[in-house]
Amino acid sequence: MPGRDQELGSYYVGVDVGTGSVRAALVDQRGILLAFADQPINQWEPQFNHHEQSSEDIWVACCIVTKKVVQGIDLNQIRGLGFDATCSLVVLDKQFHPLPVNHEGDSHRNIIMWLDHRAVNQVHRINETKHSVLQYVGGVMSVEMQAPKLLWLKENLRETCWDKAGHFFDLPDFLSWKATGVTARSLCSLVCKWTYSAEKGWDDSFWKMVGLEDLVADNYSKIGNQVLPPGTSLGNGLTPEAAKDLGLPAGIAVAASLIDAHAGGLGVIGADVRGHGLACEGQPVTSRLAVICGTSSCHMGISKNPIFVPGVWGPYFSAMVPGFWLNEGGQSVTGKLIDHMVQGHAAFPELQAKATARCQSIYAYLNSHLDLIKKTQPVGFLTVDLHVWPDFHGNRSPLADLTLKGMVTGLKLSQDLDDLAILYLATVQAIAFGTRLIIEAMESAGHSISTLFLCGGLGKNPLFVQMHADITGMPVVLSQEVESVLVGAAILGACASGDFASVQEAMARMSKVGKVVFPRREDKRYYDKKYQVFLKLVEHQKEYASIMKGD
Ligand SMILES: Nc1ncnc2c1ncn2[C@@H]1O[C@H](COP(=O)(O)OP(=O)(O)O)[C@@H](O)[C@H]1O
Ligand SMILES: O=C(CO)[C@H](O)[C@H](O)COP(=O)(O)O
């Protein structure tokens, strides 16, 4: 909350809808968070690989957190509002009412979440077309993108959903519509998840080839035929109705939105790094990789010219930083995988009890427990004979293989807290090795990366950050504001308000270096050996699959 003696200034509200919660912040022109609030959101998993949410629930959560962060301030100081959200698919009918995306016909659950893998068969057929738009998603479309999900709805819920649908929104675009009544879509969501080209627009032949020709016949009115760069001011700003819901003044500028990972990228990648001893100082911004780590991890690298990286999404023009091409590597489950491994272990109740007794988070407790048991060796060396392959939800990048599964080798009969802590460590390391594999793929295609800029919920975990530095061999920059994704959302609001001339200017002013974590060079040999094992794991998994397929 800003103090009463706070100089009268301009504020922006950023709203970030992650997988597990909605967050809002009040942010000033220097990118400093003056107030923060969060609110959990519901998820349903009615069947394995079906993940659903409710757009009504999410809007209610947005209203709760926004009202909280503006409490007690002069509303006239708020100049702009920006949203970011996960790239989930929201379905509404022609009157903008929710439609069910499930066999139960529950219209409250009208969102197919980004991590939903129900459309495996559909994406397989889409990839078999080898259509040229696939070049711009790393060569292989992901089941997490919107075209396979649309096709699934058409083939499975024709009467209850497809035929009645009037609007298919990416969640960030749903939020900006809800705030302004403007149905224009963000270039970010359409380019990254819907095959739209910033240069050529929609490709009719793709939609016809995959069996979604009805979208073309409608001139794309259901999926978006007005497209705006992120940060553009929408319509007449916040509608009176949305203003009442959110507790904000009607008419303030609302920006065309971003996907959450992209907002994180804006929130970190433009910081002034002078004086921190970083290799990216004085180098083009293209030497920086933004790594946004929440439920999933997203690896956002930009370039002046398009770079085609097999298995890495993109290149997408102007989808994050205007004028730059974006490649987006990713791991579908990272925070969710760590939670899964820890919560599923027999010693989890003991961990919870001990962490609660010390008023610590379970992760802070695990990290201090590892420090105790490591004795004199570096903590990472505790996993010399325990190795994890992290693709419990398939591989997004760079293998782009959704059939891959998780692996653990080196299990013992022990089920105590030491065992849980070491399994947790091996999981964190596996995620960092996955990042190394993505960086290597990006570099061999033409990127030249020297520094990681990490944010998201996992950025609060010092072990996760140190392992990313040690395993990639690159320094990891953490922002001054831990909630950097919200700074990205606020940057959108700031651009829409007209207070900054460009997204680049707002980025440079509002993102700031906090802490830098350097790699421990002396441990490199150990991690290089573990990386060799990591690569063997996937090789062996493929061999097992081929043995089982044989006669
Ligand atoms: N204080 C913390 N310490 C360690 N890990 C954390 C902390 N807070 C969140 N996390 C991790 O971050 C993940 C959630 O990140 P978050 O960015 O909030 O996710 P999302 O944007 O997907 O909702 C959790 O799965 C958890 O593993
Ligand atoms: O596909 C993505 C970005 O393009 C993200 O993985 C997705 O939006 C989920 O984000 P989060 O892990 O922060 O909840």
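Residues numbered from 1 in each chain as written. Chains lettered and ligands numbered in written order. Predicted model: local features only at pLDDT ≥ 70, side-chain atom pairs only at ≥ 80, totals over all residues. Heavy atoms only, no water.

### A short note on the sheet that holds strand β19 (residues 451–455)
- Across the sheet, seven strands lie side by side as β15-β16-β14-β13-β19-β20-β21; this open sheet has mixed pairing. Because the sheet does not close on itself, it has two edges, and the strands there are β15 (313–317) and β21 (513–517). When the angles between neighbouring strand axes are averaged without regard to direction, this sheet yields 25°.
- In the sheet, strand β20 (residues 476–479) pairs with β21 via four bridges, with the strands oriented antiparallel. Among the inter-strand pairings, valine 477 is bridged to a residue of β21, identified as valine 516.
- Against the sheet, helix α9 (residues 260–268) contacts β13 (288–293), β14 (297–303), β16 (325–331), β19 and β20, and its axis sits at roughly 130° relative to β13. (Pairing = 2+ DSSP bridges. Helix = DSSP H or I, 4+ residues; strand = E, 2+ residues; numbered from the N terminus. Axes fitted to C-alpha atoms, helices over the stretch in contact; angles between N-to-C directions. Contact = heavy atoms within 4.5 Å.)

### Focus on the site of ligand 1
- Within the structure, ligand 1 sits among 16 residues, and Gly20, Arg23, Thr295, Asp339 and Gly457 are positioned closest to it.
- In the environment of ligand 1, an oxygen atom lies 2.8 Å from a nitrogen or oxygen atom belonging to the side chain of arginine 23.
- At 3.2 Å from an oxygen atom of ligand 1 is found a main-chain nitrogen or oxygen belonging to glycine 335.
- Counting atoms within 2 Å of the grid points, the majority share of ligand 1 lands in the largest pocket. (Near = heavy atom within 4 Å. Polar contact = N/O pair within 3.5 Å; in protein donor to acceptor, adjacent residues only side chain to side chain. 1 Å grid on protein atoms, 1.4 Å probe; cavity = no way out; pocket = protein on both sides within 12 Å on 5 of 7 lines; lining within 4 Å. Sits in = over half its atoms within 2 Å of the grid points.)

### Considering the domain arrangement of the chain
- Domain boundaries in the chain define domain 1 (11–256), domain 2 (268–332 + 437–521) and domain 3 (335–428).
- A separation of 33 Å is found between the C-alpha centroids of domain 1 and domain 3.
- Carbon and sulfur atoms supply 63% of the area buried between domain 1 and domain 3, which totals about 630 Å² over both sides.
- For the domain 1 face of the interface with domain 3, the top three residues by lost area are Leu115, His117 and Glu144, together amounting to 45%.
- Linking domain 1 to domain 3 there are one salt bridge.
- A salt bridge links arginine 396 to glutamate 144; its shortest N-O distance comes to 2.8 Å.
- For the pair domain 1 and domain 3, the interface holds three residue pairs in polar contact (both at pLDDT 80 or more).
- For the side of domain 1 that touches domain 3, the per-class residue count stands at six nonpolar, two polar and one charged. (Domains from an automatic or database assignment. Buried area = accessible area lost by both parts, 1.4 Å probe. Salt bridge = Lys/Arg side-chain N within 4 Å of Asp/Glu carboxyl O. Nonpolar A, V, L, I, M, F, W, Y, C, P; charged D, E, K, R; others polar.)

### Considering empty space enclosed by the protein
- By the definition in use, this model includes three cavities of 30 Å³ or more.
- The calculated volume of the largest cavity comes to roughly 100 Å³.
- Lining the largest cavity we find 13 residues, and of these Gln331, Pro390, Asp391, Asn395 and Gly434 sit closest to its centre.
- Its residues placed into classes, the lining of the largest cavity shows five nonpolar, seven polar and one charged.
- Of the residues that make up the lining of the largest cavity, three or more belong to each of domain 2 (268–332 + 437–521) and domain 3 (335–428). (Points joined across faces, edges and corners; volume = space filled by probe spheres on them.)

### Quick notes on a nonpolar patch on the surface
- Residues Phe392, Val408 and Leu411 make up a contiguous nonpolar surface patch of about 260 Å² in total accessible area.
- Of note, valine 408 is situated in strand β18 (residues 407–409).
- Here valine 408 falls in the partly exposed class, since its relative accessible area comes to 31%. (Patch = residues over 30% accessible without salt bridge, like charges linked within 9 Å, V, L, I, M, F, W, Y side chains within 5 Å. Areas by Shrake-Rupley, 256 points an atom, 1.4 Å probe, with all protein chains shown as cover. Buried < 20%, exposed > 50% of the residue type's maximum accessible area, 1.4 Å probe, protein only.)

### As for the packing of aromatic side chains
- Considering all chains together, one arrives at 19 aromatic pairs under this definition.
- Summarising the aromatic geometry, the rings of phenylalanine 169 and phenylalanine 174 are spaced 6.4 Å apart at their centres and angled 70° between planes, so their arrangement reads as edge-to-face.
- Looking at phenylalanine 169, the relative accessible area reads 0%, which means it is buried.
- Between phenylalanine 317 and tryptophan 325 the ring centres are 5.1 Å apart and the planes differ by 50°, which places this aromatic pair in the tilted class.
- Looking at phenylalanine 317, the relative accessible area reads 26%, which means it is partly exposed.
- An aromatic cluster of three or more residues is present, and its members are Tyr196, Trp202, Phe206, Trp207 and Tyr220.
- In this structure, arginine 118 packs its charged tip against the face of tryptophan 152, placed 4.6 Å from the ring centre.
- The cationic tip of lysine 304 hangs over the ring face of phenylalanine 324; the distance from NZ or CZ to the ring centre is 4.3 Å. (Phe/Tyr/Trp six-rings, centres within 6.5 Å; stacked < 30°, edge-to-face > 60°. Lys NZ or Arg CZ within 6 Å of the ring centre and 35° of its normal.)

### Notes on the state of the cysteines
- Scanning the model with the defined rule gives zero disulfides in all.
- The cysteine cysteine 87 is free of any disulfide, with cysteine 298 supplying the nearest cysteine sulfur at 7.5 Å.
- Look at cysteine 87 and you get buried, because its relative accessible area is 8%. (Disulfide = S-S within 2.5 Å.)

### Observations concerning the packing of helix α2 (residues 120–128) against helix α3 (residues 146–156)
- Where α2 contacts α3, the two axes come as close as 8 Å, and the packing angle between them is 120°. The orientation of α2 relative to α3 falls into the category oblique. Note on packing geometry: the crossing formed by α2 with α3 is right-handed. Residue-level inspection shows Gln122, Val123, Arg125 and Ile126 of α2 in contact with α3, the latter providing Ala147, Pro148, Leu151, Trp152, Glu155 and Asn156.
- The class makeup of the residues in the contact of α2 with α3 is six nonpolar, two polar and two charged. (Parallel < 35°, antiparallel > 145°, perpendicular 65-115°, else oblique. Left-handed = near helix turned anticlockwise from the far one by under 90°.)

### Structural notes on the UniProt feature "domain: Carbohydrate kinase FGGY C-terminal" (unreviewed entry) in the chain
- Sites flagged by UniProt as "domain: Carbohydrate kinase FGGY C-terminal" (unreviewed entry) map to residues 289–496.
- Taken end to end, residues 289–496 is 40% helix and 19% strand, and its two terminal C-alpha atoms sit 26 Å from one another. (UniProt positions renumbered as here; feature names shortened; annotations may be inferred.)

### Let's talk about the layout of surface pockets
- Taken as a whole, the largest pocket encloses approximately 1,000 Å³ of empty space.
- As for the largest pocket, its lining consists of 44 residues, of which Arg23, Cys293, Gly294, Thr295 and Gly457 are closest to the centre.
- Going through the elements one at a time, β2 (21–28), β3 (33–40), α9, β13, α10 (335–343) and α12 (362–373) are the ones with two or more residues in the lining of the largest pocket.
- No other element matches α10, which puts six residues into the lining of the largest pocket.
- Partitioning the lining of the largest pocket into residue classes produces 16 nonpolar, 17 polar and eleven charged.

### A few points about the site of ligand 2
- If you check the shell around ligand 2, you find 15 residues, and the closest are Thr19, Lys193, Asp260, Ser296 and Glu328.
- Glutamate 328 is positioned with one of its side-chain polar atoms (N or O) 2.5 Å from an oxygen atom of ligand 2.
- Coverage of ligand 2 by the protein amounts to 95% of the 380 Å² it exposes when considered alone.
- Assessed atom by atom at 2 Å from the grid points, ligand 2 resides in the largest pocket.
- Top contributing element to the shell around ligand 2 by residue count: α9, with three residues.
- For the shell around ligand 2, a count of residues per class yields six nonpolar, five polar and four charged.
- Lining the shell around ligand 2 are residues from two domains, each supplying at least three of them: domain 1 (11–256) and domain 2 (268–332 + 437–521).

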